[in-house]
Amino acid sequence: TKDNTYKPNRILRWPQVQDKVGLSKSYCYQLQQRGIFPKCVKIIEGGRGSGYWEHEIDDWLHKRHKATRG
């Protein structure tokens, strides 16, 4: 963030990510394959659960805003 406020890194689960970005899961997977959207991370090594780093999602949203609104 630009306001110097410390925010700890958090892993967001898909419903939280979808609330932020407003895109479907399948479309985000397509964007990941093309290197356009942040990739998910395993919550526990070797586990099934995955999520997204909140700061990467926020950065992606900021870049989209900047690209479309200058």
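Parameters and conventions
- Residues numbered from 1 in each chain as written.
- Predicted model: local features only at pLDDT ≥ 70, side-chain atom pairs only at ≥ 80, totals over all residues.
- Heavy atoms only, no water.
- Core = buried A, V, L, I, M, F, W, Y, C linked by side-chain atoms within 4.5 Å.
- Buried < 20%, exposed > 50% of the residue type's maximum accessible area, 1.4 Å probe, protein only.
- Helix = DSSP H or I, 4+ residues; strand = E, 2+ residues; numbered from the N terminus.
- Contact = heavy atoms within 4.5 Å.
- Pairing = 2+ DSSP bridges.
- Axes fitted to C-alpha atoms, helices over the stretch in contact; angles between N-to-C directions.
- Expected span 1.5 Å × (residues − 1).
- Arc of directions from axis to C-beta.

**Topic: the nonpolar core**
The nonpolar side chains of a soluble globular protein tend to be buried with one another.
No. 1: With 10 residues, the main nonpolar core is built from Leu12, Trp14, Val17, Val21, Cys28, Leu31, Phe37, Tyr52, Ile57 and Trp60.
No. 2: Of all the elements in the fold, those that place two or more residues in this core are helix H1 (14-21), helix H2 (25-33) and helix H3 (54-69).
No. 3: Considering each element in turn, this core owes the most residues, three residues, to H1.
No. 4: Not counting residues within four places of it along the chain, the set of residues in contact with Val17 comprises Leu12, Gly22, Phe37, Tyr52 and Ile57.

**Focus: the sheet that holds strand S1 (residues 11-12)**
No. 1: Spatial ordering of the open sheet is given by S1-S3-S2, a layout of three strands whose pairing is antiparallel. Each end of this open sheet is capped by a strand with a single partner; those strands are S1 and strand S2 (41-42).
No. 2: With two bridges connecting them, S2 and strand S3 (residues 50-53) associate as antiparallel partners. Within S3, the residue paired with Lys42 across the bridge is Ser50.
No. 3: Together, S1 and S3 form the strand contacts of H3, whose direction differs from that of S3 by roughly 55°.

**With respect to H3**
No. 1: The terminal C-alpha atoms of H3, which comprises 16 residues, lie 22 Å apart, in line with the 22 Å expected from a rise of 1.5 Å per residue.
No. 2: Inspection of H3 places Glu54, Ile57 and Trp60 among the buried residues, and these make up the whole buried set. For H3, the buried positions fall inside an angular range of 130° around the axis, keeping them on one side. Facing away from the buried side of H3 by over 90 degrees, the exposed positions are Lys63, Lys66 and Ala67.

**Things to note about the environment of Val41**
No. 1: With respect to the helices and strands, the residue Val41 is situated in strand S2.
No. 2: Judged by its relative accessible area of 22%, Val41 falls in the partly exposed class.
No. 3: In this structure the C-alpha to C-alpha distance between Val41 and Leu12, which are 29 residues apart in sequence, comes to 9.9 Å.
No. 4: Once residues within four sequence positions are removed from consideration, Val41 is found in contact with Ile11, Gly49, Ser50, Gly51 and Trp53.

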